[in-house]
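Descriptive structure summary
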Amino acid sequence: MLDIANDIMTRRESNQSLLSDHVDTRPVIADEEIADRNTIVQLDPDHPGFRDREYRARRNQIAQLAVNYIPGDEIPDAPYTGEEHEVWRTIWAALQPAHQRYACAEYLGALQRLSFAPDRIPQLREVNEKVQAISGFRLEPVAGLVQPRVFLENLANGVFLCTQYIRHHSTPLYTPEPDVVHEIVGHGVTLASEKLAEINRMFGRAVKQRTQPEALEQLSRIYWFTIEFGVLRENGEVKAYGTGLLSSAGELKEMREADLRPLDLDAISHQEYDPTHYQPVLFCAKSFEGMYQTLRDFLVRK
Ligand SMILES: [Fe+2]
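The structure reproduced in this document is the subject of the present report. Computed from a predicted structure; not experimentally measured.

Rules used in this analysis
Residues numbered from 1 in each chain as written. Predicted model: local features only at pLDDT ≥ 70, side-chain atom pairs only at ≥ 80, totals over all residues. Heavy atoms only, no water. Axes fitted to C-alpha atoms, helices over the stretch in contact; angles between N-to-C directions. Helix = DSSP H or I, 4+ residues; strand = E, 2+ residues; numbered from the N terminus. Parallel < 35°, antiparallel > 145°, perpendicular 65-115°, else oblique. Left-handed = near helix turned anticlockwise from the far one by under 90°. Contact = heavy atoms within 4.5 Å. Nonpolar A, V, L, I, M, F, W, Y, C, P; charged D, E, K, R; others polar. Polar contact = N/O pair within 3.5 Å; in protein donor to acceptor, adjacent residues only side chain to side chain.

1. Thoughts on the packing of helix H6 (residues 148-156) against helix H9 (residues 213-228)
Between H6 and H9, whose axes approach to 11 Å, the crossing angle comes to 65°. In terms of orientation, H6 and H9 fall into the roughly perpendicular class. The handedness of the crossing between H6 and H9 comes out as left-handed. The segment H6 lies against H9, with Pro148, Arg149, Phe151, Leu152 and Leu155 engaging Leu216, Ser220 and Tyr223. Residues belonging to the contact of H6 with H9 are distributed by class as follows: six nonpolar, one polar and one charged.

2. Topic: the environment of Gln218
With respect to the helices, strands and loops of the structure, Gln218 is situated in helix H9. Sequence separation between Gln218 and Ile268 is 50 residues; the distance between their C-alpha atoms is 8.1 Å. Separated by 3.1 Å, the side chains of Gln218 and Arg210 make a polar contact.

3. Observations concerning the packing of H9 against helix H13 (residues 288-301)
It is at 13 Å that the axes of H9 and H13 come closest, and there the two elements cross at 165°. The orientation of H9 with respect to H13, classified from their angle, is roughly antiparallel. Along this stretch, H9 crosses H13, giving a crossing that reads as left-handed. Here Gln218, Leu219, Ile222 and Thr226 of H9 come into contact with H13, specifically with Leu295, Phe298 and Leu299. Classifying every residue of the contact of H9 with H13 gives five nonpolar, two polar and no charged.

Geometry only, nothing functional implied.
Next up, the structure:
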């Protein structure tokens, strides 16, 4: 037992820098054993909520909503606690000024259309109503883990598979896995932009057309460095359109330190990334329109 405890302590200490403000944005976990969208997450011993029985019970309860969910039905509301709404308030207070400074105009427009309440976590049901009316996309809950191919192929049908739980209240600015904040503030908002929603659909179609694992790997990387971590130039400044950046004030601030490279899909195809840290390399488009055309040309052609 002591050895295990020591091991957990060491891992926690080595993760201290992450606890400042980081969202682990991997949309999926590539585990071949995970066969469908109903797999319930088992928390690691170093997860911030591992020792909180109440939190784990609520996570399972929320995951069960996803397991019971029938695609196309209205999504049941998640039973968030006061503490969890407080987490949202903390994140929101940090994000608002960061968005005004670092988010691209397309994102800010979409954010305004969704007009979230600052004091409580929006329910997926509410976000869906607005997003569907704008782009036809709908969010559907998943228990936690989805294979990359399942996740990406659903985009072709205008379906974004997303988690509904929120990170543990002890670390409001850090989550070791994507949570409802990343899903809504990142993806939900960008899907309220017709053009960004269209790019998501094109990713889905491109994945469906390719059966080779290498092709999936290539598209996953391009998705990562654009939809998740894309930046572009706007009036001479670097602005974010990537959901991983836009769902964390820390990520937005840190993007100024990144090694910015021109948006080159071939280079991206060969670029490794680590979802557990701030991204040291980002690919920057010359403009929103330039990014849209580059991705469209590539995804439609293939
Ligand atoms: Fe994401």
